[in-house]
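What the coordinates show
The primary structure of each chain is shown beneath.
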Amino acid sequence: MPADDDDRAARVALTWLAEPGNRAVWALVEEGGAAATLHRLLRGDVENGPLRESALVKAANIDPRRLAELTLSRAERLGARIVVPSDAEWPQRVGSLATLALDDSPTRINTDVRPPLCFWVRGSWPLGEALARSVGVVGARAASSYGLHVTTEIAYGLASHDWTVVSGGAFGIDAAAHRAAVAAGGRTVAVLACGVDRPYPMGNSAMFEQIAESGLLISEWPPGTAPLRHRFLIRNRVIAAATAGTVLVEAAARSGAIQTMGRVLALGRPAMVVPGPVTSAMSVGCHALLRERPDATLVTELSHVLEAVGRIGEYQSDPARGPEHRRDGLDEESALLLEAVPRRGTATPEELAVRAGLALRTVLRRLSLLELSGLIERRDAGIALRRKAR
């Protein structure tokens, strides 16, 4: 078997022996390569006791090398492929996980956050190309109509501007983001916490098939892997690391989406949060993040997101402002004079000078400017507002 195939098979076996992101496994692979690391694990030649014991127990039931061979054959029949760091389509951004440090509780989910060893991919787009211009959109499963509306607007707009929409395939915000990107004729990537042959939840099966046709389904776990709860938390680090930034739309006080944003912030990527009604339980997590993390950015529309993830000067959102009026550009004296003109009827220039507190000479000059601007008109009885100006 060629060295490249050896490496691929070893990485498949390693993701079965230990969950993706395992700090010790990643360090060993970086030091000596995947094939050598697999050999050491199967000999029990590693210092990490829990890793050594777990690997030996699993290997006692089935030879990991044989399992890798069967898995690769199965994936080929399914139309899936494995992508490893030596491939041209490997997404380079995920390498930033090599230095990710979290201040959260020192659980395995928060310490074993190293880069993936490989990705299983369904779909024709090159993985690196699809993720090069990508934005994560995450949020609550039990999303409100407000959250679904905002998500659809943002995701559709991102796809229309040639940005890939990345999410986790769940009900609620995730599904709305994927569907909006597909509707816009753009790309979307679903990062799964199970095998690409059994996307979860099953209720989104039709959507997953659409994604596989126009975008990508990707996973760190081999085909056939079940969607266990802790795997969703492991998966979240990939959404955070693979994208140029992530948008949070609705999240309860305790939410996997909040955990994803913690990783986005730790990586120094744009962490964009959509505010919601203060009475909504589905926006409690969003508001807490905005209040507690000054490095989180409040966004309310597509232009805010594009400005945060685009290159400097590529997108610029104008500040919100009300409708413009012709009187907005008046100088101070002209504005005072215009205010002095009665709403109904007329006034002489002398009367206007008294009302505005201006010299008559100034009033006469400004009246000419206001007349040219179409804001006043001269009548036989004096000066009056033009009907449209009222």
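The paragraphs below set out a description of the structure included in this document. (Residues numbered from 1 in each chain as written. Predicted model: local features only at pLDDT ≥ 70, side-chain atom pairs only at ≥ 80, totals over all residues. Heavy atoms only, no water.)

Okay, helix H17 (residues 360-372) next. If you check H17, its first and last C-alpha atoms are 19 Å apart, about what 13 residues at 1.5 Å a residue would give, namely 18 Å. Taken as a whole, H17 has its buried residues at Thr362, Val363, Arg366, Leu367 and Leu370. Along the axis of H17, the buried residues cluster in a sector spanning 135°; they form a single face. When the buried face of H17 is taken as reference, the exposed residues oriented beyond 90 degrees from it are Arg361 and Leu372. Looking at the packing, one finds that the buried side of H17 touches helix H15 (332-340), helix H16 (349-356), strand E10 (376-379) and strand E11 (382-385). (Helix = DSSP H or I, 4+ residues; strand = E, 2+ residues; numbered from the N terminus. Expected span 1.5 Å × (residues − 1). Buried < 20%, exposed > 50% of the residue type's maximum accessible area, 1.4 Å probe, protein only. Arc of directions from axis to C-beta. Contact = heavy atoms within 4.5 Å.)

Among the five residues in strand E5 (residues 188-192), five count as buried, and that is most of the element. On E5, burial covers both faces: Thr188, Ala190 and Leu192 on one face and Val189 and Val191 on the other are all buried. In terms of strand pairing, strand E4 (residues 164-167) meets E5 through three bridges, oriented parallel. Counted as the bridge partner of Val166 is Val189 from E5. Running through helix H9 (residues 173-183), the crossover from E4 to the neighbouring parallel element E5 is right-handed. Sheet topology note: the E5/strand E6 (residues 216-219) ladder contains four bridges and is parallel. Along E6, the bridge assignment pairs Ala190 with Leu217. Taking the sense of rotation as the criterion, the β-α-β connection linking E5, helix H10 (residues 205-214) and E6 turns out right-handed. (Pairing = 2+ DSSP bridges. Right-handed = clockwise from strand over helix to strand, strands pointing away.)

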